[in-house]
Amino acid sequence: MIAGTLTSETFLRAVELTPAPAEVYDEAYEAASQYVPWPKAYGGDMVAQAAAAMMRSVDGDRALHSMHSYFMRPVDVGATIRYEVERLRDGRGYSTRTVRGFQNGKAVYAAMGSFQVPEDGPDFQPKAPAAVEPDSLRSAAEALEEATGPAADYWSTGRSFDMRHVPGPVYIDLEGGPVPQQAIWVKAFDSLPDDADLHRTALAYVCDYTILEPLLRVNGLHWSSPGLATASLDHSMWFHRDGRADEWILYAQEAVSAQSNRGLAMGRFFDRQGRLLATVAQEGMIRPGS
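This report concerns the structure included in the present document. Just so it is clear, the model here is predicted, and its values are computed rather than measured.

A word on the pairing of strand S5 (residues 94–103). With seven of 10 residues buried, S5 is to be regarded as a mostly interior element. With eight bridges connecting them, strand S4 (residues 80–90) and S5 associate as antiparallel partners. Within S5, the residue paired with Glu84 across the bridge is Arg100. Count of turn residues in the S4/S5 antiparallel hairpin: three residues. Alignment of S5 against strand S6 (residues 106–116), held across 10 bridges, turns out to be antiparallel. Bridge pairing links Thr96 to Ser114 in S6. The turn joining S5 and S6, which pair antiparallel and follow one another in sequence, is formed by two residues; a positive phi near 55° is taken by Asn104.

Moving on, we come to helix H5 (residues 196–206). The element H5 is extensively covered by neighbouring structure, given that nine of its 11 residues are classed as buried. By the burial criterion, the buried members of H5 are Leu198, His199, Arg200, Thr201, Ala202, Leu203, Ala204, Tyr205 and Val206. For H5, the N-terminal capping position is held by Asp195, with its side-chain oxygen 2.9 Å away from the main-chain nitrogen of Asp197.

Turning next to the nonpolar core. Of all hydrophobic cores here, the largest spans 70 residues; its most connected members are Met67, Tyr83, Tyr109, Phe161, Met237 and Phe269. At nine residues, helix H2 (residues 43–56) tops the list of elements feeding residues into this core. By size, the runner-up hydrophobic cluster in this structure holds seven residues, among which are Trp248, Leu250, Phe270 and Leu276.

When you line up the elements, Trp185 lands in strand S8 (residues 181–188). Residues Trp185 and Met237 lie 52 residues apart in sequence; the distance between their C-alpha atoms is 18 Å.

What follows covers the pattern of salt bridges. Following the criterion strictly, the structure yields 15 salt bridges and no others. Linking Asp246 and Arg244 is a salt bridge whose minimum nitrogen-to-oxygen distance equals 2.9 Å. Using a relative accessible area of 27% as the deciding quantity, one classes Arg244 as partly exposed. When the shortest N-O distance is used, the salt bridge between Asp271 and Arg275 registers 2.7 Å.

So, on to unusual backbone geometry. Here the bond from Val166 into Pro167 is cis, since omega is 10°, no more than 30 degrees from zero. With respect to the helices, strands and loops of the structure, Pro167 is situated in the loop between strand S7 (161–166) and S8. Despite not being glycine, Ser160 shows a phi value in the positive range, around 75°. Take Ser160: it is sitting in the loop between helix H4 (150–157) and S7. Given the relative accessible area of 0%, Ser160 is considered buried. Even without glycine at this site, Asn261 takes up a positive phi of about 60°. Examined against the element boundaries, Asn261 turns out to sit in the loop between strand S10 (249–259) and strand S11 (262–271). Here Asn261 falls in the partly exposed class, since its relative accessible area comes to 39%.

Attention now moves to the side chain of Ser160. A polar atom in the side chain of Ser160 sits 3.4 Å from the backbone nitrogen of Thr10. Contacts of Ser160, omitting those with residues within four sequence positions, involve Thr7, Ser8, Glu9, Thr10, Phe11, Lys187, Ala188 and Phe189.

Tallying each qualifying case throughout the model produces 12 aromatic pairs. A ring pair is formed by Trp38 and Tyr154, whose centres lie 5.6 Å apart and whose planes are at 90°; its orientation type is edge-to-face. Taken together, the residues span a long stretch of sequence, with Trp38 in the loop between strand S2 (27–32) and H2 and Tyr154 in helix H4 at a distance of 116 residues. Between Trp38 and Trp155 the ring centres are 6.0 Å apart and the planes differ by 45°, which places this aromatic pair in the tilted class. Of this pair, Trp38 sits in the loop between S2 and H2 while Trp155 sits in helix H4, placing them 117 residues apart in sequence. Through successive ring pairs, a cluster of aromatic residues spans Phe11, Tyr42, Phe161, Tyr205 and Tyr209. Over the face of the ring belonging to Tyr209 we find Arg159, whose NZ or CZ atom lies 4.8 Å from the ring centre. When the ring centre of Trp185 is taken as origin, the NZ or CZ atom of Arg272, which lies over that ring, is 5.4 Å away.

Before going further, it helps to spend a moment on the sheet that holds S7. Taken in spatial order, the 12 strands of this open sheet run S1-S2-S4-S5-S6-S3-S9-S12-S11-S10-S8-S7, and their pairing is antiparallel. Only two strands of the sheet have a single partner each, and these edge strands are strand S1 (18–20) and S7. The sheet shows a mean angle of 25° between the axes of neighbouring strands, direction not considered. Sheet topology note: the S2/S4 ladder contains six bridges and is antiparallel. Looking at S4, one finds that Ala28 is bridged to Glu84.

Definitions and limits used
- Residues numbered from 1 in each chain as written.
- Predicted model: local features only at pLDDT ≥ 70, side-chain atom pairs only at ≥ 80, totals over all residues.
- Heavy atoms only, no water.
- Buried < 20%, exposed > 50% of the residue type's maximum accessible area, 1.4 Å probe, protein only.
- Helix = DSSP H or I, 4+ residues; strand = E, 2+ residues; numbered from the N terminus.
- Pairing = 2+ DSSP bridges.
- Polar contact = N/O pair within 3.5 Å; in protein donor to acceptor, adjacent residues only side chain to side chain.
- Core = buried A, V, L, I, M, F, W, Y, C linked by side-chain atoms within 4.5 Å.
- Salt bridge = Lys/Arg side-chain N within 4 Å of Asp/Glu carboxyl O.
- Contact = heavy atoms within 4.5 Å.
- Phe/Tyr/Trp six-rings, centres within 6.5 Å; stacked < 30°, edge-to-face > 60°.
- Lys NZ or Arg CZ within 6 Å of the ring centre and 35° of its normal.
- Axes fitted to C-alpha atoms, helices over the stretch in contact; angles between N-to-C directions.

Here you go:
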């Protein structure tokens with residue numbers, strides 16, 4: 001495997017937004033999809049970029065607490081996407097936004113987000129699952145030490161985040177067996193600025209990399225299975241508490257249902273203190289090779 005530089009620049013480039021003239025809604029921004037070694041762009045680019053665009057459209061007294069997305073068309077790698085934001089409502093406690101992503105004259109992505117002015121109130125969350133410490137697990141680069149090719153290089157160093165699997169990765173074979181649960185310890189390779197919105201955006205960015213993997217597991221598949229085709233269909237995310245994406249976070253995931261070459265998976269992000277930071281639900285297309 002060719003060694004690469006462990007940096008979070010890919011994520012930071014992805015969420016660099018350039019203001020653009022609005023053509024459809026109230027305000028618009030442009031951003032570029034980042035390199036991946038396959039024909040279509042990574043879905044986390046769109047989720048994070050849309051979240052960042054919506055965040056720019058609200059006052060600083062409120063924070064994104066939920067967003068719901070649909071991936072409508074494949075997005076070209078390394079190309080510009082224009083995000084048009086509609087300011088649906090601004091109330092005293094909540095704001096609502098929609099955003100559309102456009103590329104090549106067509107809508108490729110759609111989302112809605114809700115923002116809240118924080119309030120004091122009762123606090124409850126489930127207990128974080130027990131998991132082995134991240135330092136005892138192999139990094140992607142270590143797991144793929146003997147592998148070669150663009151995919152192995154990208155998985156090892158190209159995704160801006162250190163990701164360590166429990167019970168084992170599913171890059172080139174099915175480590176850990178066909179079980180419906182797994183967990184990933186994730187942490188940005190670099191220290192990130194002290195910006196709570198940026199750390200929320202980082203969770204939105206990284207969440208799509210592995211959320212379909214429990215569905216691969218229950219079908220006895222891995223990312224290198226011959227003929228495998230996958231795509232993100234829709235995505236929901238709820239932000240509960242602030243945390244840092246440049247410190248270890250446990251991403252606990254489970255397969256909910258698989259049928260008709262579609263599957264639904266759930267994920268929860270917990271920090272090292274066991275605080276629930278965010279919850280993810282995503283449906284994807286998973287077509288095994290014939």
